[in-house]
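Topology and contacts: notes
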Amino acid sequence: MDELKTLYFDLAHAVREHDWLIEHSGGLPGMREIGYLESTLDHIQNDLYYPEFHEKLTQLVFAINKFHAFNDGNKRTSIALGAFFLELNGYDYCVKKFVLEMENISVWLAEGKISKELLGEIIVSLINDEDYPEPLKVLLLEAISS
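Let me begin by describing the structure that accompanies this report. Everything numeric in this text was worked out from a predicted model, so none of it was measured. (Residues numbered from 1 in each chain as written. Predicted model: local features only at pLDDT ≥ 70, side-chain atom pairs only at ≥ 80, totals over all residues. Heavy atoms only, no water.)

A look at the nonpolar core
For clarity, the threshold we go by: Residue types Ala, Val, Leu, Ile, Met, Phe, Trp, Tyr and Cys, when buried and joined through side-chain atoms within 4.5 Å, form a set referred to as a nonpolar core. Relative accessibility decides the category of a residue: with a 1.4 Å probe and only protein chains considered, values under 20% of the type maximum give buried, values over 50% give exposed, and everything between is partly exposed. Strands are runs of DSSP state E lasting at least 2 residues, helices are runs of H or I lasting at least 4, and numbering of each runs from the N terminus. Contact definition: two residues touch when any of their heavy atoms are within 4.5 Å.
Within the largest apolar cluster, 37 residues are counted, with the highest numbers of intra-cluster contacts made by Leu57, Leu60, Leu86, Phe98, Leu119 and Ile122. Where this core is concerned, the elements lending two or more residues are helix H1 (11-25), helix H2 (34-43), helix H3 (53-67), helix H4 (74-88), helix H5 (95-110), helix H6 (116-128) and helix H7 (134-145). Setting aside chain neighbours within four positions, we find Leu57 in contact with Gly82, Phe85, Leu86, Phe98, Ile123 and Ile127.

Considering the side chain of Thr58
Put simply, the rule reads: Definition of a polar contact: a pair of N or O atoms within 3.5 Å, with one able to donate and the other able to accept a hydrogen when the atoms are protein atoms, and with sequence-neighbouring residues admitted only if both atoms are side-chain atoms.
Here Thr58 is to be found in helix H3. On the basis of relative accessibility, which here comes to 6%, the residue Thr58 falls in the buried class. One polar contact links the side chain of Thr58 to the main-chain carbonyl oxygen of His54, over a distance of 2.8 Å. Among residues more than four places away in sequence, those in contact with Thr58 are Lys116, Leu119, Gly120 and Ile123.

Observations concerning the pattern of salt bridges
Counted only if it meets this: The term salt bridge refers to a pairing of a side-chain nitrogen on Lys or Arg with a carboxyl oxygen on Asp or Glu at a separation within 4 Å.
Evaluated as defined, the whole model comprises five salt bridges. Residues Asp47 and Lys56 are paired through a salt bridge, measuring 2.6 Å at the closest nitrogen-oxygen approach. Taking the relative accessible area as the measure of exposure, Lys56 reaches 1% and is therefore buried. With a shortest N-O distance of 4.0 Å, Arg76 and Asp72 are connected by a salt bridge. Each of Asp131, Glu134 and Lys137 takes part in salt bridges that share partners, so that together they form one network.

Regarding empty space enclosed by the protein
We apply this condition: Residues are said to line a cavity or pocket when one of their atoms sits within 4 Å of a point; the points come from a 1 Å grid over protein atoms alone, cavities being sets where a 1.4 Å probe fits but cannot get out and pockets being open sets with protein on both sides within 12 Å along at least five of seven lines. Grid points are joined across faces, edges and corners, and a volume is the space filled by probe spheres set on the points.
If you walk through the whole model with that rule in mind, you get one cavity of 30 Å³ or more. By volume, the largest cavity amounts to about 30 Å³. Taken together, Tyr36, Leu37, Thr40, Ala63, Ile64, Phe67, His68 and Ala69 form the lining of the largest cavity. At the level of elements, H2 and H3 are the ones that each hand at least two residues to the lining of the largest cavity.

As structure tokens, then:
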């Protein structure tokens, strides 16, 4: 699917998605630093930095989770926007698995147990594999056990 033109969403959609999540699942509304979100959404469109779809998705999830553009709900928003980005680009088949797996992954990412590189490996596996390959399971176990 990487040969196809990647579709993106805008800042207004990202903010609406976050606001909906806060309204329906609780938390402090509002933005902390809208520039972090704007920068992330612009940056993932740069094919020199992120030539492959999975690299764009990894950066999107990582940046929203770690840079705290919102007052609250950054982990939830990173999952929701990642799932929307998958769906928007024809990866519907793995959206449910992505959302379920990312619930724990996003917490471990926020805690610093999972690196951006490991997140990228996880995302590639979520897109391509039925289950995590054994070497990835070992890396994930080592990361969360430390």
